[in-house]
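Structure assessment
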Amino acid sequence: MKSHSLKFLRVAVALLCVLALTFLFIDFTGIAAHYLAWLAKIQLVPALLAVNVLAIVLLAALTLLFGRLYCSVICPLGILQDVVIWLRRRFAPKTRRRVGLYRYAPAKRLWRVIFLGLFLLLLIAGLVSLIPMSFAGILDPYSAYGRIAGQGLVPIWRGAMSSLAVSAAGNDIYLFDQVPSALVNFNIAVAIVAAVTLIVTVVFAWRTGRGYCNTVCPVGTFLGILSRHSLLKPVIDTDKCNRCGSCGRKCKASCIDTKKHRIDYSRCVVCMDCINNCSQGAISYRLAPKGESSHTAAKINSSRRHFLTGVSIAAGSAVALAADKVTDGGLAPLKQKQRRGDVKTAVPAGAASLAHFRSHCTACQLCVSECPNEVLRPGTSLDGFMQPVMVFTSGFCRPECTRCGEVCPTGAIRPFTAADKASVRTGIAVVDAATCISAAYGQTCGNCERHCPVEAVVMVKGENGNMRPVVNESLCIGCGSCEYHCPSGRAGMLSSNKAAIYVEGLEVHQRI
């Protein structure tokens, strides 16, 4: 296949991947969750955390065969950088474009080691529940892109679709039954992290090309270790090369040393730019001759060998820990309510336990974006920073909904059926009789009883003669329907903006 065809194919597949993955985040109809969730599950860090053996083997094989194609075709943050690089080239002066925007630079090995070591430290600390896994997720490129999409693109998309739906409804055209609120999942803390990540990534891409991938990103560093030994590589034919330096000046990874005819394959992302820009046809993507690595990369000394051994041991430990963790076990009018700040955190049925959830969730925000009931929200507490929690002020967890388990790529929320969900208790409803307009002031209500899908709430006469809700804990599953449908409000001397019945999450989910 000709070089131009190879690059066109790579660019076409990369654009399809990033557009499909972005659609997975912004779609609220459930279509993308059904057909495209696998794109999130083949991202490297989520695959490792979920012990997705098939995805891990496929990604390793892809890298050993073709080099770091993952970084330029599958990774959404990598593709985002390519878009920024394309824009820089597009708006650069013609003379600057002709000469080339980049130059060869030696690998910043110390920084690569520091960031990879930091990531592995955070990863292992997350797996043993010392800290939430979301801190490691800050350096995970997929999760970083997820936060950018979830806190940036999702509100914009929903706002636009909501306006369009309202406008169309005025003409008796109903595009959607219900568009989620544009800002219901917006969280200032997560938005700040996403904004900082976006700014850093864009600045790196604008100034250094793929410098972020080859300096900060732990996935890029790890795959770079494998790509040194890939079967297919860009290879320089020294007989054809006239040392014009065009390939090196236009290499966005800054990994081609034209003076020495060397390519640092640990940094090459197989973008095919060098092949297209060589007027002599001196670079081709082919099987690397035996001994080629000795001419294209520096020899690995004993300290490097020790480092790679340490990385392998740490990565193996992380996977083993992940595998171990996987087995761990109305009639009354409603108004917008506030969440109680002191309630115990509740997490979805597929999480099994709060500890398992905390140790696997990288806070990519996919489940938050996909939740059709507006229940999952980004958390702000330090012990679960950016990780989703269940909040029942704008909706409740419907018994038939299983979407969060379908889309979660890390195994933090494992797939479950509606039958599984009905047999798992994630929390217990608690009644605050002092703020219940029925129990405290005798007003006719009973919303919580009417809307409980498992009939766990019943109204009984209290000591003061007023009807009050009582929860049968053996039936309650913690869905939050009672909390959502509680009208709260004003009665007598009472003025409350919080539900009088609310869900306390369980640290370990219980089978009913």
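No experiment lies behind these values; they were computed from the predicted model shown.

1. A word on the environment of Ile225
Counting through the fold element by element, Ile225 comes out in helix α12 (residues 218–227). Here Ile225 falls in the partly exposed class, since its relative accessible area comes to 22%. Taking C-alpha positions, Ile225 is 6.0 Å from Ser266, a pair spaced 41 residues apart along the chain.

2. Thoughts on the confidence of the model for the protein chain
Of the residues in the protein chain, 86% reach a pLDDT of 70 or more, and the chain-wide mean stands at 85. For the protein chain, the element scoring lowest by mean pLDDT is helix α15 (residues 292–296), at 42; helix α3 (residues 44–49) scores highest, at 96. Low confidence marks residues 292–304, where pLDDT is under 50. Its contacts with residues over four positions away, or in another chain, come to 16 contacts. Note on residues 324–332: pLDDT is under 50 here. Beyond four places in sequence and across chains, it has 29 contacts.

3. Structural notes on the pattern of salt bridges
If you walk through the whole model with that rule in mind, you get seven salt bridges. Close ionic contact of Arg210 with Asp82 constitutes a salt bridge, the shortest N to O distance being 3.1 Å. Residue Arg210 is found in the loop between α11 (188–208) and α12, and its partner Asp82 is found in helix α6 (residues 76–91); the two are separated by 128 residues along the sequence. A relative accessible area of 13% places Asp82 in the buried class. Here Arg267 and Asp264 are joined by a salt bridge, their closest N and O atoms 2.9 Å apart. Accessibility expressed as a relative area gives 4% for Arg267, which makes it buried. Under the relative-accessibility criterion, Asp264 is labelled buried at 8%. Residues participating in the shared-partner salt-bridge network are Arg10, Asp82, Arg210 and Lys252.

4. A few points about the packing of helix α4 (residues 53–66) against α12
Viewed as axis vectors pointing N to C, α4 and α12 meet at an angle of 55°, and their least axial separation amounts to 8 Å. One finds that α4 runs oblique with respect to α12. The two elements α4 and α12 cross, and the hand of that crossing is right-handed. For the pair α4 and α12, contact is made by Ala60, Thr63 and Leu64 and by Leu223, Leu226 and Ser227, respectively. Among the residues forming the contact of α4 with α12, the class breakdown is four nonpolar, two polar and no charged.

5. Notes on the packing of aromatic side chains
In this structure the tally under the stated criterion is five aromatic pairs. With 6.4 Å between their ring centres and 45° between their planes, Phe25 and Tyr142 make a pair best called tilted. Of this pair, Phe25 sits in helix α1 (residues 3–26) while Tyr142 sits in helix α10 (residues 141–169), and the two are 117 residues apart along the sequence. One exposure class covers both Phe25 and Tyr142, and it is buried.

Parameters and conventions
Residues numbered from 1 in each chain as written. Predicted model: local features only at pLDDT ≥ 70, side-chain atom pairs only at ≥ 80, totals over all residues. Heavy atoms only, no water. Helix = DSSP H or I, 4+ residues; strand = E, 2+ residues; numbered from the N terminus. Buried < 20%, exposed > 50% of the residue type's maximum accessible area, 1.4 Å probe, protein only. pLDDT = per-residue confidence, 0-100. Contact = heavy atoms within 4.5 Å. Salt bridge = Lys/Arg side-chain N within 4 Å of Asp/Glu carboxyl O. Axes fitted to C-alpha atoms, helices over the stretch in contact; angles between N-to-C directions. Parallel < 35°, antiparallel > 145°, perpendicular 65-115°, else oblique. Left-handed = near helix turned anticlockwise from the far one by under 90°. Nonpolar A, V, L, I, M, F, W, Y, C, P; charged D, E, K, R; others polar. Phe/Tyr/Trp six-rings, centres within 6.5 Å; stacked < 30°, edge-to-face > 60°.

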